[in-house]
Amino acid sequence: MDLKEQNWKNFTAHLRDWHGIWTRYSPSGEVKESFQSLRSFQSNPEKTEIHQVNRYIYAEDNFKEESWDYNQQENNLPDGIFHPQADSMRTICFESGHTAWVTRQLKPDSYFGVELFFRYEELRHSVGIVYDKQGALFRTANIREDARGFPSQYWSKEIEQVSDRNLSGNWQGTYVTMTPDLKISEPVAIQLNWGWEGHNTFFLPDGVSICCPDQVSVGTPCTLAANWLVTPSKLQQLKVKYDESGGFAALTLEQLHL
């Protein structure tokens, strides 16, 4: 199976109904809005066509719905799957279910963002990081989801960020890196590295953390990262790197344990 076909197959691992809570935060970490959500992915028997429906439930009689269709022949490209809503972005997927929706190229006077998807059994969550047209951090977001239904027995109802999180300890594990051509490296042993100079760190409920610069620009390489403390002894981390030209350079998945 070639790389783009493998990427499509990895994408189909998300075919189910994901019930969740969607929360958006200001650049200072304040809650901007929070609402119930449902992201549903269905396919034809051959899994060559995927229909996505997003439902945003603000109150009992107040909801919004959006839908998109993906076709393996048209949407699946050598550098990832393009979303019908945003040709400037690509979806790239590891076999484990960890996924990223990344902007291919940072451009002046244009919004820029990534969404990092974490997966563990029937649990999923994604972290969104968005910058405005001046390259300043515009908002962060987290969507905590459970395929078993709503409310989740795992995710809490907390939405406020917390002041700190203890990530100390002898975290050991491996990482793999995917490049823009969808090639994935062999696993490499690693210890946890968290936090970069000049980056903001946000600690969200349920063990979710974000680390990103407050400003991005062409000419300065940058790293956008998030991790999830799945259990007190299991940690997942995703990092997106952009090079000096503002081009997407790599997606790294780290899986660590104490």
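Residues numbered from 1 in each chain as written. Predicted model: local features only at pLDDT ≥ 70, side-chain atom pairs only at ≥ 80, totals over all residues. Heavy atoms only, no water.

(A) Quick peek at the nonpolar core. With 36 residues, the main nonpolar core has I129, L224, Y242 and L251 as its most contacted residues. The biggest single contributor to this core is strand β16 (residues 222-231), with 5 residues. In terms of nonpolar packing, the next biggest core, distinct from the first, is built from 11 residues, W171, L192, L229 and L256 among them. (Core = buried A, V, L, I, M, F, W, Y, C linked by side-chain atoms within 4.5 Å. Buried < 20%, exposed > 50% of the residue type's maximum accessible area, 1.4 Å probe, protein only. Helix = DSSP H or I, 4+ residues; strand = E, 2+ residues; numbered from the N terminus.)

(B) Region of interest: the sheet that holds β16. Spatially, β13-β12-β18-β17-β16-β15-β14 is the arrangement adopted by the 7 strands of the open sheet, whose pairing is antiparallel. The open sheet terminates on both sides in strands that have one partner only, identified here as β13 (188-191) and β14 (199-204). Strand-to-strand twist across the sheet, computed as the mean angle between neighbouring axes with direction ignored, equals 20°. Bridging between strand β15 (residues 208-213) and β16 involves 4 bridges; their strand directions are antiparallel. Each residue of the ladder has a partner; that of I210, found in β16, is A226. (Pairing = 2+ DSSP bridges. Axes fitted to C-alpha atoms, helices over the stretch in contact; angles between N-to-C directions.)

(C) Layout of the state of the cysteines. Under the counting rule described, the total for this entry stands at 0 disulfides. Looking at C211, it has no disulfide partner, and the nearest cysteine sulfur is the one in C212, 6.9 Å off. According to the relative accessible area criterion, C211 is buried, its value standing at 0%. With no disulfide of its own, C222 lies 9.6 Å from the sulfur of C212, the closest cysteine sulfur. A residue is classified by how much of its surface remains accessible, and C222, at 9% relative accessible area, is buried. (Disulfide = S-S within 2.5 Å.)

(D) Structural view of the sheet that holds strand β2 (residues 31-43). Sheet architecture is open: 11 strands sit in the order β4-β3-β2-β1-β11-β10-β9-β8-β7-β6-β5, paired in antiparallel fashion. The open sheet has two free edges, formed respectively by β4 (62-71) and β5 (76-77), since each of these has just one partner strand. With 4 bridges joining them, strand β8 (residues 99-103) and strand β9 (residues 112-120) adopt antiparallel strand pairing. Residue pairing in the sheet places W101 in a bridge with E115 of β9. Contacts between helix α1 (residues 3-11) and the sheet are confined to β2, β3 (49-59), β4, β5, β6 (80-83) and β7 (86-93), with β7 contributing the most and set at about 80° to the helix. (Contact = heavy atoms within 4.5 Å.)

(E) Seen up close, the pairing of β7. Burial of β7 is extensive: 6 of the 8 residues sit out of reach of the surface. Sheet topology note: the β6/β7 ladder contains 2 bridges and is antiparallel. The partner of H83 across the bridge, within β7, is A86. Counted between consecutive antiparallel strands, the loop separating β6 from β7 contains 2 residues. Here β7 runs beside β8; their pairing, made up of 5 bridges, is antiparallel. Looking at β8, one finds that I92 is bridged to A100. Taking the residues that link successive antiparallel strands as the turn, the β7-β8 hairpin has 5 residues, and the phi of G97 there is positive, at about 100°.

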